[in-house]
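Spelled out, the chains give:
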Amino acid sequence: MSIAPAIPARHKNVNRAEVCDQNFVEFVKAWPGQPSGTGPEPTDSVLPGSLCTRADFEALFESQLISRHLDLMARVLRVKNKVFYTIGSSGHEGNAMVARLTRHTDPAFLHYRSGAFMAERFRKLPGMDPVMDSALSFAASAEDPASGGRHKVWGSKPLWVLPQTSTIASHLPKALGTAVAIEQARRIRHALPVPEDAIAICSFGDASANHATAQTAFNAAAWTAYQKLPAPVLFVCEDNGIGISVKTPNDWIHANFSARRDLDYFYADSLDLAAGYEQVARAVHHVRTTRRPTFLHLRTTRIMGHAGTDFEIEWRSIEELMAVEASDPLLRSAAIALEAGFYTRESLLTKYEDVRARCFAAAEEADRRPRIETLAEVVAPLAPYSPDKVATEAARADYGERRLAAFGGAEKLPENQPPRHLAIQINHALHELFVKYPESLLFGEDVAQKGGVYTVTKGLQKAFKGARVFNTLLDETMILGLAQGYANMGMLPIPEIQYLAYFHNACDQIRGEAASLQFFSNDQYRNPMVVRIAGLGYQRGFGGHFHNDNSIAALRDIPGLVVGCPSRGDDAATMLRTLAALAKVDGRVSVFLEPIALYMTKDLYEPGDGAWLTAYPAPGEAMPLGEGRVYEGSEGLQASASHADPSLERSPVGIPASPSVAGGGFDLSPPPSAPDLVIFTYGNGVPMSLRAARAIRQQHGWKVRVVDLRWLVPLNEAFIAAQARDIARILVVDEGRHSAGVGEGVITAIVEAGLGATPLRRVVGADTYTPLAGAAFLVLPGEEDIVAAANALAS
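Chemist: How would you explain the overall build of the protein if you had to name every residue and give the values?
Modeler: For the protein, the count of helices and strands is 28 helices and 20 strands. In terms of overall size, the protein behaves like a compact globule, its C-alpha atoms giving a radius of gyration of 30 Å where 795 residues would be expected to give roughly 28 Å. Counting only C-alpha atoms, the protein reaches 105 × 55 × 45 Å along its principal axes. When the 795 residues of the protein are sorted by exposure, 60% land in the buried category. Long-range contacts, defined here as pairs at least 24 residues apart, represent 79% of the contacts in the protein between residues at least 6 apart. Carbon and sulfur atoms make up 54% of the accessible area of the protein, which amounts to about 29000 Å² in all. Of the side-chain charges in the protein, 77 are positive and 88 negative, and the distance between the mean point of each set is 3 Å.

Chemist: Mind laying out unusual backbone geometry, listing which residues take part and the relevant values?
Modeler: Cis geometry is adopted by the peptide bond preceding Pro 714, which originates at Val 713 and carries an omega value of -10 degrees. Relative to the assigned elements, Pro 714 resides in the loop between strand 18 (711–713) and helix 26 (717–724). The phi torsion at Asp 446 lies on the positive side, around 70 degrees, for a residue other than glycine. Residue placement: Asp 446 occurs in the loop between strand 8 (440–444) and helix 17 (460–464).

Chemist: Provide a residue-level description of the nonpolar core, including the pertinent values.
Modeler: Side chains of nonpolar character tend, in soluble globular proteins, to be buried together. With 136 residues, the main nonpolar core has Phe 235, Phe 295, Phe 503, Ile 510, Phe 680 and Leu 712 as its most contacted residues. Those residues in contact with Phe 295 that lie beyond four places of it in its chain are Phe 204, Phe 218, Phe 235, Cys 237, Ile 253, Phe 257, Leu 263, Asp 264, Tyr 265 and Phe 266. Listed in part, the 79 residues of the second largest apolar core include Val 28, Tyr 85, Leu 110 and Cys 359.

Chemist: Which residues make up helix 1 (residues 16–29), and what values do they have?
Modeler: Quick reminder: α-helices carry 3.6 residues per turn. Residues three or four places apart thus point the same way. Spanning 14 residues, helix 1 covers 20 Å between terminal C-alpha atoms, matching the ideal 20 Å at 1.5 Å per step. Taken across its 14 residues, helix 1 has 10 buried, putting it largely inside the fold. Here helix 1 has its buried residues at Arg 16, Ala 17, Val 19, Cys 20, Asp 21, Asn 23, Phe 24, Val 25, Phe 27 and Val 28. Those residues of helix 1 that are buried are in contact with helix 2 (54–78), helix 10 (318–326), helix 11 (329–339) and helix 12 (345–368). The N-capping residue of helix 1, defined by a side-chain oxygen 2.7 Å from the backbone nitrogen of Ala 17, is Asn 15.

Chemist: So, the pairing of strand 8: which residues are in play, and what are the values?
Modeler: Burial within strand 8 is extensive, with five of its five residues counted as buried. Because side chains alternate across strand 8, one face comprises the buried residues Ser 440, Leu 442 and Gly 444, and the other comprises Leu 441 and Phe 443, equally buried. Pairing analysis gives four bridges linking strand 8 to strand 10 (residues 492–497), with the strands arranged parallel. Paired with Ser 440 across the two strands is Leu 492, which belongs to strand 10. As judged from the three bridges shared by strand 8 and strand 9 (residues 469–471), these two strands associate in the parallel manner. Within strand 9, the residue paired with Phe 443 across the bridge is Phe 470.

Chemist: Which residues make up the sheet that holds strand 10, and what values do they have?
Modeler: Here seven strands make up an open sheet; going across it, the order is 9-8-10-11-13-12-18 and the pairing mixed. Pairing within the sheet leaves two strands with one partner each, and these edge strands are strand 9 and strand 18. With direction set aside, neighbouring strand axes in the sheet form an average angle of 20 degrees. Sheet topology places strand 12 (residues 562–564) next to strand 18; two bridges connect them, and they run antiparallel. Across the sheet, residue Val 563 finds its bridge partner in strand 18, namely Val 713. Relative to the sheet, helix 23 (residues 569–586) contacts strand 10, strand 11 (529–535), strand 12, strand 13 (589–595) and strand 18, its axis offset from that of strand 13 by approximately 165 degrees.

Chemist: So what's going on with the pattern of salt bridges? Which residues, and what values?
Modeler: Counted according to the given criterion, the structure contains 51 salt bridges. In this structure, the salt-bridge partner of Glu 120 is Arg 123, at a minimum N-O distance of 3.0 Å. Residue classification places Arg 123 among the partly exposed positions, given a relative accessible area of 34%. Arg 358 is the salt-bridge partner of Asp 129, the closest N and O atoms lying 3.2 Å from each other. Of this pair, Asp 129 sits in the loop between helix 4 (115–121) and helix 5 (130–138) while Arg 358 is found in helix 12, placing the two residues 229 residues apart along the sequence.

Chemist: If you had to explain helix 28 (residues 783–794) to someone new, which residues and values would you point to?
Modeler: Across its 12 residues, helix 28 extends 17 Å between first and last C-alpha, which sits within 8% of the 16 Å expected from 1.5 Å per residue. In this structure, the buried side of helix 28 is in contact with strand 16 (677–681), helix 25 (685–700), strand 19 (729–734) and strand 20 (760–764).

Chemist: So what's going on with the side chain of His 547? Which residues, and what values?
Modeler: Tracing the sequence through the fold places His 547 in the loop between strand 11 and helix 22 (553–556). Residue classification places His 547 among the buried positions, given a relative accessible area of 19%. Apart from residues lying up to four places away in sequence, His 547 is in contact with Tyr 499, Tyr 502, Leu 536, Gln 539, Phe 542 and Ile 596.

Chemist: Kindly report on the sheet that holds strand 7 (residues 294–299), identifying the contributing residues and their values.
Modeler: Read from one edge to the other, the open sheet built from five strands follows the order 1-2-3-7-6, with strand pairing classed as parallel. Because the sheet does not close on itself, it has two edges, and the strands there are strand 1 (108–109) and strand 6 (264–269). Two strands pair when backbone bridges link them, and strand 1 and strand 2 (residues 200–205) are joined in this way by two bridges, in the parallel orientation. Following the sheet pairing, Phe 109 is matched in strand 2 by Cys 202. With respect to the sheet, helix 6 (residues 172–188) is in contact with strand 1, strand 2 and strand 3 (233–239), its orientation differing from that of strand 2 by roughly 165 degrees.

Chemist: I'd like to hear about the packing of aromatic side chains, residue by residue, with values.
Modeler: According to the stated counting rule, one finds 24 aromatic pairs in the structure shown. Each ring, one from Tyr 265 and one from Phe 295, has its centre 6.1 Å from the other, and the planes form 15 degrees; the classification is stacked. Remark: Phe 295 occurs in strand 7 and Tyr 265 occurs in strand 6; sequence separation between them is 30 residues. Grouping residues by exposure puts Tyr 265 and Phe 295 together as buried. A cation over an aromatic ring shows up here: Arg 150 above the ring of Phe 519, its NZ or CZ 5.9 Å from the ring centre. Here the guanidinium or amino end of Lys 152 rests over the ring plane of Trp 154, the centre of that ring lying 3.3 Å away.

Cut-offs and rules
- Residues numbered from 1 in each chain as written.
- Predicted model: local features only at pLDDT ≥ 70, side-chain atom pairs only at ≥ 80, totals over all residues.
- Heavy atoms only, no water.
- Helix = DSSP H or I, 4+ residues; strand = E, 2+ residues; numbered from the N terminus.
- Rg over C-alpha atoms; globule rule 2.2 N^0.38 Å.
- Buried < 20%, exposed > 50% of the residue type's maximum accessible area, 1.4 Å probe, protein only.
- Contact = heavy atoms within 4.5 Å.
- Areas by Shrake-Rupley, 256 points an atom, 1.4 Å probe, with all protein chains shown as cover.
- Lys, Arg positive; Asp, Glu negative; His and termini not counted.
- Charge placed at Lys NZ, Arg CZ, Asp CG, Glu CD.
- Core = buried A, V, L, I, M, F, W, Y, C linked by side-chain atoms within 4.5 Å.
- Expected span 1.5 Å × (residues − 1).
- Polar contact = N/O pair within 3.5 Å; in protein donor to acceptor, adjacent residues only side chain to side chain.
- Pairing = 2+ DSSP bridges.
- Axes fitted to C-alpha atoms, helices over the stretch in contact; angles between N-to-C directions.
- Salt bridge = Lys/Arg side-chain N within 4 Å of Asp/Glu carboxyl O.
- Phe/Tyr/Trp six-rings, centres within 6.5 Å; stacked < 30°, edge-to-face > 60°.
- Lys NZ or Arg CZ within 6 Å of the ring centre and 35° of its normal.

Right under this line is the structure:
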């Protein structure tokens, strides 16, 4: 059935949203046909042979109308500063079929043109209002149930719609990860928060399908299915043929995806509910029953432009715009409704205007609701921290019998072994965490049978089997996407990124996705994880840039992220206990940065002295977030931990606390008899600074304090200031690069504490990539550089 009549041309300067609105009214008024029903009651089927019943159609049509009028409302009220988002769903309203044919317990990761999908999914639970909830989000109201007014997102905790922002394919890896996690749960006997036959739904546009992040998800999905492993994800490509102004080549999506091996392709016309309903139903049935990754190519269109600021008439011809507007799916739905006898012209126009009035009334009410007014409100869900609960969880050791069995008896417990080096103690700590948390998983490149390229994960797969310790494909983006999926399903992922340089390939999976979920969901959704990254420099006999990357700037400015960097084995164990507790209690995302060059280090001053070996800390010992370690004494080995928690001084996003909170009951003053020099450092810089400190003491007779920061993000600024106060000289030893390194944060903390007059030097790496062989040590700070800087301060 063709859509008649022809739509008259309008002047170029006419608002195209108004044109589309008026097109619908004129189309209904001018509809020339008669209902197809033969009796006094209209037929229950939409069209002969269609699976879409009258009840299905009327629900879908109303969802389409709600979505359309929310778009029109946003265009009108944006200019009145009552609405703050105008990327619309017009032309994509057929995605309501996907919502109707799936369940509200199928986790959904949605494209931003998903208004009709959301309106339809709201029907799955009683008492929910898609119009008011959406209006609150459009208005950036603090009462927005999705994000609390932080962004216009499609999201709902009870409806299992995990909020996405302006998704340019970055959500595909975690959608696939969630699908894999649904199946993984059965293998590790983990209780899922969704039914066992749930599927993951992920929608995106045809332009986004070309993005590298999308391609990695498609490849990983096929890689999984090729090995007969289940991955029940429904990729929904909403193909409107254009990305902002860049047109997709004709038939590109079909040509690119219809014949891909192990990515099962289905096509549906979402512009026609009668025709498309069965096509969508087939795809949903397929993915749910076969548990295979499925690609649903959904034909859509885009009317009213990319957003309210996109004046298409400036770059598209009026004829092209009119042709696009004539393909409006609401015109086709109106024709179906009229032909089937579900509505008369008058009742359909009444319905249309009733939905309009409902959307505008909700928007006006939303505009009267409170909005976020303080910075504290903005960041409230970003980085929750419950120090007492975290400390209790980190110290919890109620798994003694299982721990004994895992290590093979009391005599083999790590705390009963001689002091060991960093790699061994990390390995022991990972074994311990796997006993404590049966839902924990460790995965990455070469971590399973091989035990990692530095044997740090050796024996874990043998002890805890392949369902919990396994290799992935060589794709850091997908490794972190999997981590998010496992976390979404209630597991504790411990992914490994083999080298710090490899993290940069996948940084957005933490920066834009994992670390932002609590913020954009108002802490309703969490994806806790502990990301292990081997990195930093100083490897001997093996190196070059990718294996000695010393740039951590990409980690330092990710809001809400926690980064810890141990320099010795006992610190690694107690830090891992705390990071796991942060994940379990507060849902936090953290990075455990492991200095590769210290993995096997045993000696400190002289070959064979064993001074860098440490005893394994007994269960119950944990390192509080932000606690540094201070070395003092004649040889610098009289180490003590600080007692300052960074949450007492500044929030993880750098907000000064009130003076009444700043002290927190702890004595942050330096000990009596302040040293002549304090050296702030971390990682490889700790043993280097200790050796340099001995030379400085011998040369100048100074008392030298070496401070191991241990926690790099957030920096414990109060602790730093306390250690720098009443000190004659300050050195900051930063093995990172000159620009944007940790040392900059340390110096800022010192200056902002009013200590800027103290003589200070920074010893830091050069702004360059790390070369091969001995040349690498030319770009990194060394012990001689530290001594030279101290000599400069002495003069």
